[in-house]
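Spelled out from the first residue to the last, the chains are:
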Amino acid sequence: MELDLTPQLAKKLYGGDGGAYYAWCPNELPMLREGNIGAGKLALEKNGFALPRYSDSAKVAYVLQGSGVAGIVLPEKEEKVIPIKKGDAIALPFGVVTWWYNKQDTELVILFLGDTSKAHKSGSFTDFFLTGPNGIFTGFSTEFVGRAWDLEESTVKTLVGSQSGNGIVKLDSTFKMPEPKIEHYNGMALNCEEAPLDVDIKNGGKVVVLNTKNLPLVGEVGLGADLVRLDGSAMCSPGFSCDSALQVTYIVRGSGRVQVVGVDGKRVLETRLKAGDLFIVPMFFVVSKIADPEGMDWFSIITTPNPIFTHLAGRTSVWKALSPEVLQAAFNVPADVEDKFTSKRKAEEIFFPPPN
C-alpha cells in the first residue's frame, strides 16, 4: 500500500463564542495513525476559556499567535499559572490537567502535537473534561459526587448543571481569572523565537531545537521539537532522521515546496506547502524544502526527545566523510566529477541561500 503524505489542514470539531478546537483526522492523513501521532489546534477569542481537561496523550503545545494564560497541574503538584505568547513551546506529560484563557483582543492560537501510542484512538487525542455537559461529574450519580466531596444534594446539582458550555466558553469581561506568575514559567515553557539559536546561517535560515537540555520536561513527554525559519528562496538540505524517529511538521508562516524520497529512491511526495499545512515524514525518508521569496517557518516534533539528523548536502554532509575512491566507485564517475561534487558547499551547513 502506498503512503499518502499529502499535507492537510485541520478541521473544526467544536466551538462557540469563546473559540474553537480543530484537529487533523487520521482518515484524511493516514500517517497520523501509522505513526501514532495526534495533532490539534485551539483558537480562543477574547475572554475565551478552554475548560480544565486532561488528555490520553503526552503532547507539546506551541503558541502560533497571540498571548494569554495557561494553567498547568502536573500529577500531585500545585497549579502553575504561566503567561504564554507567540513562540512559546510547552511540554505536557501524561496526566497533566490544563486550562487556557485569552484576555486580549488578538485571537490566541495554540498547536498541539503528541504521541498517541497509548491513546484510546491511534492518531487522535481524546480529552477528558473536568466540567461542563461532557465533564466527568455528569457521569457519576448525585450520591457518588456527594459522598466523594462531602456535599449536599442541592450543591451537587448546582455544580453539575450550571456549566452548559462544551469544552470552550466565553467569560464575562469583568470576570477575574488568576494572574500569571513569571516564576512559574521557568522550566515549564521555552520561547523558541527568543531562545539561543542552534543554527544561524546568513540568508539561509535559523533553527531552535527543543530538547531535554533547554526544557527537561520534554524527556517526560518523549518528544523533541524545533522551530525552523527558512529565509526567502533558501533551501533546507536533504536529510533524514537517523534514530528511527518520525518528523511531524506544521507550516507556521509563508510557503514553499517540499520533496520527500523513500524506499528504492522513489519520490513519494512533491507538493507546495502553505501556512496551516501539516505533514509527516516517515522514518528514514529523506526530505528537503525550498522557501518561496517571502520565506517559510515551520514547527516540528520528532518522536524522540533528543533527535539526531543526517544531512546529505552541505559542510556536514555524509558525502564529505566518505573516501573519494568510494564515491567514484559508488557513482561510477571519474575523479574530476567526484571532486566537483564534494568541493562545493564547504561553508554552508543545513541551509543554502538562493543562487546569485
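Residues numbered from 1 in each chain as written. Predicted model: local features only at pLDDT ≥ 70, side-chain atom pairs only at ≥ 80, totals over all residues. Heavy atoms only, no water.

Enquirer: Looking at this structure, I do not really get the environment of Ser317. What am I missing?
Expert: Looking at the secondary structure, you find Ser317 in the loop between strand S22 (309–311) and helix H6 (318–321). By relative accessible area, Ser317 is classed as buried at 5%. A C-alpha to C-alpha distance of 32 Å links Ser317 and Arg33, two positions 284 residues apart in sequence. Setting aside its immediate chain neighbours within four residues, Ser317 contacts His311 and Leu312. (Helix = DSSP H or I, 4+ residues; strand = E, 2+ residues; numbered from the N terminus. Buried < 20%, exposed > 50% of the residue type's maximum accessible area, 1.4 Å probe, protein only. Contact = heavy atoms within 4.5 Å.)

Enquirer: Help me understand the nonpolar core, please; the structure alone is not making it clear to me.
Expert: Trp100 and Phe299 are the most contacted members of the largest nonpolar core, which totals 83 residues. Three or more residues apiece are contributed to this core by two domains, here domain 1 (11–132 + 167–184) and domain 2 (192–352). Leu51, Val81, Leu171 and Met177 belong to the second largest nonpolar core, which has 9 residues in total. (Core = buried A, V, L, I, M, F, W, Y, C linked by side-chain atoms within 4.5 Å. Domains from an automatic or database assignment.)

Enquirer: Looking at this structure, how should I read the packing of aromatic side chains?
Expert: To describe a pair of aromatic rings, you give the distance between the ring centres and the angle between the ring planes. Scanning the model with the defined rule gives 10 aromatic pairs in all. Between Tyr14 and Phe129 the ring centres are 6.3 Å apart and the planes differ by 80 degrees, which places this aromatic pair in the edge-to-face class. In this pair, Tyr14 sits in strand S1 (residues 11–16) while Phe129 sits in strand S11 (residues 127–129), placing the two residues 115 residues apart along the sequence. On the basis of relative accessible area, Phe129 is assigned to the buried category, the value being 6%. Ring plane angle 80 degrees and centroid distance 5.9 Å describe the contact between Trp24 and Tyr250, whose orientation is recorded as edge-to-face. With Trp24 in the loop between strand S2 (19–23) and helix H1 (31–35) and Tyr250 in strand S18 (residues 247–261), the pair connects residues that are 226 residues apart, well separated along the chain. By the ring-pair criterion, three or more aromatic residues cluster together here, those being Tyr14, Tyr21 and Phe129. Geometry around Phe112 places Lys59 over its ring, the cationic atom sitting 5.2 Å from the centre. The ring of Trp298 has Lys289 sitting right over it, with the charged end atom 4.2 Å from the ring centre. (Phe/Tyr/Trp six-rings, centres within 6.5 Å; stacked < 30°, edge-to-face > 60°. Lys NZ or Arg CZ within 6 Å of the ring centre and 35° of its normal.)

Enquirer: Explain the environment of Glu45 here, please?
Expert: Mapped onto the elements of the fold, Glu45 is located in the loop between strand S3 (37–44) and strand S4 (48–55). As a C-alpha pair, Glu45 and Lys103 span 58 residues in sequence and 8.3 Å in three-dimensional space. If near-sequence neighbours (up to four positions away) are discounted, Glu45 is found in contact with Asp17, Gly18, Gly19, Asn102 and Glu107.

Enquirer: Even after reading the chapter, I still don't get the pattern of salt bridges, so can you show me in this structure?
Expert: Where charged atoms from two side chains of opposite charge approach closely, those side chains can pair. Within this structure, the stated rule accounts for 13 salt bridges. Measuring nitrogen to oxygen at the nearest pair gives 3.6 Å for the salt bridge that ties Asp127 to Arg53. You can see Asp127 sitting in strand S11 and its partner Arg53 sitting in strand S4, a full 74 residues away along the chain. No difference in accessibility class separates Asp127 from Arg53, as the two residues are buried. Of the charged contacts in the structure, one is a salt bridge between Asp277 and Lys274, with a shortest N-O distance of 3.3 Å. For Asp277, a relative accessible area of 3% corresponds to the buried category. Judged by relative accessible area, Lys274 falls into the partly exposed class, the value being 44%. (Salt bridge = Lys/Arg side-chain N within 4 Å of Asp/Glu carboxyl O.)

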